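# Survey of secondary and tertiary structure
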Amino acid sequence: MKLNTITRTGSVAASMALLLGLGLSACGSEDTASGSEGGSKTSETTEAAPETEEAASQTFGEGCKLIPADGAGSFNGMSTAPVASAASANPLLKTLVTAVGEAELVDTLNSADALTVFAPTDDAFKKIPKADLDAVLADKATLTKVLTHHVVAGQLSPDEVAGEHETLAGDMITVEGEGEEFTVGKENAKVLCGNIPTANATVYVVDTVLMP
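Here is what the cut-offs are and how they apply
Residues numbered from 1 in each chain as written. Predicted model: local features only at pLDDT ≥ 70, side-chain atom pairs only at ≥ 80, totals over all residues. Heavy atoms only, no water. Helix = DSSP H or I, 4+ residues; strand = E, 2+ residues; numbered from the N terminus. Buried < 20%, exposed > 50% of the residue type's maximum accessible area, 1.4 Å probe, protein only. Core = buried A, V, L, I, M, F, W, Y, C linked by side-chain atoms within 4.5 Å. Pairing = 2+ DSSP bridges. Axes fitted to C-alpha atoms, helices over the stretch in contact; angles between N-to-C directions. Salt bridge = Lys/Arg side-chain N within 4 Å of Asp/Glu carboxyl O. Arc of directions from axis to C-beta. Contact = heavy atoms within 4.5 Å. Disulfide = S-S within 2.5 Å.

Bringing unusual backbone geometry into the picture now. Excluding glycine, a negative phi dihedral is what most residues carry, and trans is how most peptide bonds are arranged. Not every positive phi belongs to a glycine, and E104 is a case in point at roughly 60°. Relative to the helices and strands, E104 is located in the loop between α4 (94-102) and α5 (106-111). Among the residues examined, E104 registers a relative accessible area of 57% and is labelled exposed.

Set out below in structure tokens:
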């Protein structure tokens, strides 16, 4: 496996910082009463809380049953955290979280406004021979290239995810399928659990590591 050394690491963070944001705060409204003499002026503001209880209902796939029912690693818990922090609470993504830490991408991913992340499970990483995986983890430039190949600008819904997309590594990735059946990349990685909301990203958990 030969991987090109990243020359765009700096531009990756810069481009991510410019991405369109996903606003989670609700809008308030203000009503003003009549200003006649002797009258009083009143205002009323309503603010809706994020509907995190609906996070699970947005997801699909046989792998979703492996997500905890409550706590930080649950769909509701992940929906309120930025993507790298949300992944760290997911029991399926421990190796990915370690890799993101080794590449020093945690702050970059957490501060981005809107992303789609194709997140390989621990079992996906186990498909890679240990010596090869250790070599990639030890090479920050190569690791960054591999990880950013799994990230696309913008939050893609199931209706939008199929097609060809430019990754934050600067190359292209193709998603095929429709409904609740999707494969990703030349590896035909299967989406095990899709459309997982986090505070700044949409996550599709996949069964294979995607290579640039």
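Counting residues in each nonpolar core, the largest one holds 39 residues, and the members touching the most others are L109, L115 and L147. Of the residues forming this core, the biggest block, four residues, is contributed by helix α3 (residues 83-88). Counting residues in hydrophobic clusters, the runner-up holds 14 residues, among them F60, F182, A189 and V206.

Once that is clear, we can look at the sheet that holds strand β2 (residues 151-153). The sheet built from seven strands is open, its strands ordered β2-β1-β7-β6-β5-β4-β3 with mixed pairing. Because the sheet does not close on itself, it has two edges, and the strands there are β2 and β3 (163-166). Put simply, the sheet's adjacent strands are angled 30° from each other on average, direction ignored.

Another aspect to go through is the pattern of salt bridges. This model, assessed by the stated rule, comprises five salt bridges. The residue D123 makes a salt bridge to K126 at a minimum N-O spacing of 3.8 Å. With D123 and K126 both in helix α6 (residues 122-126), this residue pair falls three residues apart, about one helical turn. In this structure, D123 and K126 share a single accessibility class: exposed. Of the charged contacts in the structure, one is a salt bridge between K130 and D134, with a shortest N-O distance of 2.7 Å. Residue K130 and its partner D134 are both found in helix α7 (residues 130-138); the two are separated by four residues, about one turn of the helix.

Of the residues making up α4, those classed as buried are L96, A99 and V100. Each buried residue of α4 sits inside an arc of 100° when the element is viewed along its axis, so together they form one side. As for α4, its buried residues are in contact with α5, β1 (115-120), α6, α7 and α8 (140-148). Downstream of α4 by one or two residues, E104 has phi in the positive range, about 60°.

This paragraph deals with the environment of V205. Among the secondary structure elements, V205 is positioned in strand β7 (residues 201-206). V205 gets classed as buried once you look at its relative accessible area, which sits at 1%. Placed 113 residues apart in sequence, V205 and L92 show a C-alpha to C-alpha distance of 8.7 Å. Once you skip the residues sitting within four places of it in the chain, V205 turns out to touch L93, A119, T121, K190, V191, L192, C193 and I196.

One pass over the full model with this rule turns up one disulfide. Linked covalently through their sulfurs, C64 and C193 form a disulfide whose S-S length is 2.1 Å. What sets the handedness of the C64 and C193 disulfide is the S-S torsion sign, and at about 100° it is right-handed. On the criterion of sequence distance, the pair formed by C64 in the loop between α1 (9-17) and α2 (75-79) and C193 in strand β6 (residues 189-197) is long-range, its members being 129 residues apart.

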